Amino acid sequence: MNIPFVDLKIQYKVLKKDIDNAIQSVINKADFINGEATRLFERNFAEKYDVKHCIGVANGTDAIYIALKMLGIEKGDEVILPANSWVSSCEAVVQTGATPVFVDVDKYFNIDITKIEEKINEKTIALLPVHLFGQPCKISEIKEIADKYNLYLIEDCAQAHFSKYDGQKVGTFGDAGTFSFYPGKNMGAYGDAGAIITNDDDLAEKVRMFANHGALVKHKHKIEGINSRLDTIQAAILNVKLKYIDQWNEMRLRNAQYYNEILKDIGNIKTPEIIENTTHIFHVYAIRTEHRDALAEFLKENGIQTAIHYPTAIPFMEAYTHLNYKPSDLPMSYKFQDEILSLPMYPELKLEMMNYIATMIKTFFETQSSTKS
Ligand SMILES: *Cc1c(COP(=O)(O)O)cnc(C)c1O
């Protein structure tokens, strides 16, 4: 059996007519930039999130950068974020001129809320938690810390479209929530795309202006901006996909629960833990094992594609050696980078595929123990 890590073609086959029509209608109207479908998607997304504003931008990295920048974050400021995330979370902070300050992760792979306060000082201006793999951070507690120290709170929701914490959708707890619609995300466009949501009228206006060359009206450049807009064609595709996202998230959760069931007693692997009062949308299903590399190799030989999120925690990447973090500063993140392994995960993953994966993992651990003894 051959099982890809993700399969983006299945959804296209199902939605082909609607998606092709959506793309064609943008082309027919030559409505490519700041088009009708973009405005419609922004309204639909804001409505589904029950927030006042959604502003489409070019990608999820820009979404974080623009939100931080328009909150006034600049050189001399410090922004607190988790050590294990996609590199964007850090790039966006550095782009504003601010310094990233890393906090270790907990066993749920999210920022460890018990280690945030010790990193706060007079330079700290914002908290940038990431709802990694689709599982919400302990965001109510993080919000309390932000309020206590009067810090901005920006939620990186690139992997957590419509995840909930205590019944409330993540991205709505802080000053802004940022999203990526990179093709492989739970809600993916057919190219780069992103968005920012907020209930702050002033921030929303600044964000919209900055992302569109500093102008709300053509040729009226009030501030110096950048070019970071959500493509109309991408927005048209996202308008189709928005109708299915809840269903896809539920299918992912069901798959994850099934994985947890069939993998629970195999070898020394640890299956992901789901925090009780959250709705995890399983963008990534990551197990942990000390035999990670050998297991990944074995699965590959048997037709199963896996991935690692992430092989190097951000502060230990070559690009950030100048920040001088030591493994002992961030022990969990350092340990996890050698132990985590992401198994195939997408809504349409079949039971027999998961059964085959479990069988292969079991076979791997049986061979392991027999070669050892
Ligand atoms: C994907 C991702 C981003 C960035 O998204 P792009 O659209 O690829 O720029 C940011 N943060 C996290 C956690 C992500 O997974």
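Residues numbered from 1 in each chain as written. Predicted model: local features only at pLDDT ≥ 70, side-chain atom pairs only at ≥ 80, totals over all residues. Heavy atoms only, no water.

1. Observations regarding the sheet that holds strand β7 (residues 168–169)
Part 1 of the reasoning: The sheet built from three strands is open, its strands ordered β7-β6-β10 with antiparallel pairing. Edge strands, defined here as strands with exactly one partner in the open sheet, are β7 and β10 (278–279).
Part 2 of the reasoning: Relative to β7, strand β6 (residues 164–165) is paired through two bridges, and the arrangement is antiparallel. When the sheet's bridge partners are listed, tyrosine 165 is paired in β7 with glutamine 168. (Pairing = 2+ DSSP bridges. Helix = DSSP H or I, 4+ residues; strand = E, 2+ residues; numbered from the N terminus.)

2. Let's talk about the site of the ligand
Part 1 of the reasoning: Near the ligand there are 14 residues, and of these Gly60, Thr61, Asp156, Ser180 and Lys185 occur at the shortest range.
Part 2 of the reasoning: Between aspartate 156 and the ligand, the recorded distance is 2.8 Å, taken from a side-chain N or O atom to a nitrogen atom.
Part 3 of the reasoning: Taking glutamine 159, its side chain carries an N or O atom lying 2.8 Å from an oxygen atom of the ligand.
Part 4 of the reasoning: In isolation the ligand exposes 380 Å². Once the protein is present, 93% of that is buried.
Part 5 of the reasoning: A class-by-class count of the residues in the shell around the ligand yields four nonpolar, eight polar and two charged. (Near = heavy atom within 4 Å. Polar contact = N/O pair within 3.5 Å; in protein donor to acceptor, adjacent residues only side chain to side chain. Areas by Shrake-Rupley, 256 points an atom, 1.4 Å probe, with all protein chains shown as cover. Nonpolar A, V, L, I, M, F, W, Y, C, P; charged D, E, K, R; others polar.)

3. A short note on the pattern of salt bridges
Part 1 of the reasoning: For the structure on display, the rule yields 16 salt bridges.
Part 2 of the reasoning: In this structure, glutamate 339 engages arginine 288 in a salt bridge whose closest nitrogen and oxygen atoms are separated by 3.3 Å. In this pair, glutamate 339 is assigned in helix α10 (residues 331–339) and arginine 288 in strand β11 (residues 285–288), connecting sequence segments 51 residues apart.
Part 3 of the reasoning: Of the residues examined, glutamate 339 reaches a relative accessible area of 9% and is grouped as buried.
Part 4 of the reasoning: Classification of arginine 288 by relative accessible area gives buried; the value is 13%.
Part 5 of the reasoning: Members of the salt-bridge network, linked through shared partners, are Arg39, Glu42 and Arg208. (Salt bridge = Lys/Arg side-chain N within 4 Å of Asp/Glu carboxyl O. Buried < 20%, exposed > 50% of the residue type's maximum accessible area, 1.4 Å probe, protein only.)

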